[in-house]
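If you want the building blocks of each chain, they are given just below.
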Amino acid sequence: MSTTPEQDLRSRLTAAKASPTGQPPVQPLKVIEEPMFALSVQELRDAVATNPEHPNAEIFLRAVNGKHSTEVCYVERIDLEALLDNADVRVVEKIEGELVVRRKKLVPRHKPATPAPKPATT
Amino acid sequence: MSATVGHSMKLYRNTGTVAVPVWTEIANVGDVNIPDLAVGLAELKRRGNNFTKNLPTLFTSMAVEFRLLHGLGATVFDGLRTAFFARTINEYAVMNGDITVSDNQGLRLPAFIEQFPWDQNLEEVSGHDCRLAIAYMEEPAGTEIDPSWYTVP
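Caption draft 1: Expanded view of the pattern of salt bridges. Applying the stated criterion across every chain yields a total of 17 salt bridges over all chains. Between A:Glu93 and A:Lys30 there is a salt bridge whose closest N-O contact spans 3.1 Å. With A:Glu93 in strand β4 (residues 87-96) and A:Lys30 in strand β1 (residues 30-33), this residue pair connects regions lying 63 residues apart in the sequence. Relative accessible area serves as the criterion here: at 33%, A:Lys30 is assigned to the partly exposed category. Close ionic contact of B:Arg131 with B:Glu65 constitutes a salt bridge, the shortest N to O distance being 2.7 Å. In this pair, B:Arg131 is assigned in strand β9 (residues 127-134) and B:Glu65 in strand β6 (residues 63-69), connecting sequence segments 66 residues apart. For B:Glu65, a relative accessible area of 30% gives the class partly exposed. One salt-bridge network, in which partners are shared between bridges, spans A:Glu76, A:Asp79, A:Lys104, B:Glu91 and B:Arg108.

Right, here's the structure in full:
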């Protein structure tokens, strides 16, 4: 089956895109896409109190240390969800055109394996 | 995105970590400018061509300048004053609007307060013409933090 000149040209374009030299250069400035959540310092402290063992808890507490309880602060929504749902956050970077876009993803919390019980000594 | 005036733009400081940021607005500021958002030039001058031309090199050292009014927003002011005297490196976000509103965007960069002069002019509101200079920052150790572009989805 013969191809038309237009199809030939189209296939060459596709091939160029697939080859490494055909890719546009990636910009050095990464793009961070995260929805933010506004809450008062007191609300954040209350959230921390629900799950004080979570890694984000200490970061949140330290960040609002010395601030008035009515002051507004802004956190990335997924970080707060991770605290409330006792989950972990994984950062995913993806090349989209010329941009590296960084987003966060909620994943089940990794719990350290519990050590096997020691046999009772008599 | 549409045309916006500086009055509705926002400046934030991160007191959390890079991975888990906690932003606070620096509300009591007047003009905010990023004057040094530029690319360096490597100049080409040759006998074989009559025109001076350039090749792009590194992005120049970024800085953010803002006028902080003295005596307002005590908590934020105390935080900035402490950060200046402790030479603390924090992240700052220079946004085109509220950081929670969809489609808003801005520059996020690690910086320290390079200048914190205190103006006490007789017939003007007292203030500080602050200057943030981009900083070398690792967090966690071994991971260098570059400037980035924050967009609110």
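Caption draft 2: Broad picture of helix α4 (residues 77-85) of chain A. Residue and element names in this part refer to chain A. All of the buried residues in α4 are Ile 78, Asp 79, Leu 80, Ala 82 and Leu 83. Looking at the buried positions of α4, the neighbouring elements they touch are β2 (36-40), α2 (41-50), α3 (55-63), β3 (72-76), β4 and β5 (99-108). Backbone geometry just downstream of α4 places Asn 86 in the positive-phi region, at approximately 50 degrees.

Caption draft 3: Inspection of the side chain of A:Asn51 at higher detail. All names here are of chain A. Along the chain, the position of Asn 51 falls in the loop between α2 and α3. Within the local environment of Asn 51, its side chain forms a polar contact with the side chain of Asn 86, the two groups lying 3.1 Å apart. Apart from the residues within four sequence positions on either side, Asn 51 is in contact with Ala 57, Leu 83 and Asn 86.

Caption draft 4: Fine view of the packing of α2(A) against α3(A). Residue and element names in this part refer to chain A. With their axes 9 Å apart at the nearest point, α2 and α3 run at an angle of 155 degrees to one another. Between α2 and α3, the angle falls in the class roughly antiparallel. Seen from above, α2 lies across α3 with left-handed handedness. Where α2 approaches α3, its residues Leu 44, Arg 45 and Val 48 are matched on the opposing element by Ala 57, Phe 60 and Leu 61. Taken together, the residues that form the contact of α2 with α3 break down as five nonpolar, no polar and one charged.

Caption draft 5: Focus on the environment of B:Pro56. Residues and elements named next belong to chain B. With respect to the element layout, Pro 56 can be found in strand β5 (residues 53-59). The spacing of Pro 56 and Pro 21 is 35 residues in sequence and 33 Å in space, taken between C-alpha atoms. Contact partners of Pro 56, with chain neighbours within four places excluded, come to Val 39 and Gly 40.

Caption draft 6: A look at the interface of chain B and chain A. With 26 residues of chain B in contact, the opposing surface of chain A contributes 28 residues. For the pair chain B and chain A, the summed buried surface comes to about 2200 Å²; carbon and sulfur atoms form 63% of the total. Three residues, B:Val20, B:Val22 and B:Thr75, lead the burial of chain B against chain A; their summed loss comes to 24% of the area buried on that side. At the boundary of chain B with chain A, the tally comes to one salt bridge.

Caption draft 7: The pairing of strand β7 (residues 90-95) of chain B, seen in detail. Residues and elements named next belong to chain B. Summarising burial for β7: six of the six residues are buried, a large majority. By the bridge criterion, five bridges tie strand β1 (residues 10-14) to β7 in an arrangement that is antiparallel. Residue pairing across strands places Lys 10 opposite Met 95, the latter belonging to β7. Here β7 pairs with strand β8 (residues 105-115) via six bridges, running antiparallel. When the bridges of β8 are listed, Met 95 appears paired with Gly 106.

Caption draft 8: Region of interest: the packing of aromatic side chains. Following the criterion strictly, the structure yields five aromatic pairs over all chains and no others. With centroids separated by 5.3 Å and ring planes inclined at 80 degrees, the aromatic side chains of A:Tyr74 and B:Tyr12 adopt a geometry described as edge-to-face. A residue pair is termed interchain when its members come from two chains, as with A:Tyr74 in strand β3 and B:Tyr12 in strand β1. In this pair, the class of A:Tyr74 matches that of B:Tyr12, namely buried. Consider the rings of B:Phe84 and B:Phe116, whose centres lie 5.5 Å apart with planes at 25 degrees: the pair is stacked. Here B:Phe84, found in helix α1 (residues 74-86), pairs with B:Phe116, found in the loop between β8 and β9; they are 32 residues apart in sequence, far enough to count as distant.

Caption draft 9: A look at the side chain of B:Arg108. Among the secondary structure elements, B:Arg108 is positioned in strand β8. Within the structure, the side chain of B:Arg108 is placed 2.8 Å from the side chain of B:Glu91, a separation counted as a polar contact. Residues within four places of B:Arg108 in sequence aside, it is in contact with A:Ile32, A:Glu76, B:Asn14, B:Val18, B:Pro21, B:Trp23, B:Glu91, B:Tyr92, B:Ala93, B:Pro147, B:Ser148 and B:Tyr150.

The rules behind each value
Residues numbered from 1 in each chain as written. Chains lettered and ligands numbered in written order. Predicted model: local features only at pLDDT ≥ 70, side-chain atom pairs only at ≥ 80, totals over all residues. Heavy atoms only, no water. Salt bridge = Lys/Arg side-chain N within 4 Å of Asp/Glu carboxyl O. Helix = DSSP H or I, 4+ residues; strand = E, 2+ residues; numbered from the N terminus. Buried < 20%, exposed > 50% of the residue type's maximum accessible area, 1.4 Å probe, protein only. Contact = heavy atoms within 4.5 Å. Polar contact = N/O pair within 3.5 Å; in protein donor to acceptor, adjacent residues only side chain to side chain. Axes fitted to C-alpha atoms, helices over the stretch in contact; angles between N-to-C directions. Parallel < 35°, antiparallel > 145°, perpendicular 65-115°, else oblique. Left-handed = near helix turned anticlockwise from the far one by under 90°. Nonpolar A, V, L, I, M, F, W, Y, C, P; charged D, E, K, R; others polar. Buried area = accessible area lost by both parts, 1.4 Å probe. Pairing = 2+ DSSP bridges. Phe/Tyr/Trp six-rings, centres within 6.5 Å; stacked < 30°, edge-to-face > 60°.

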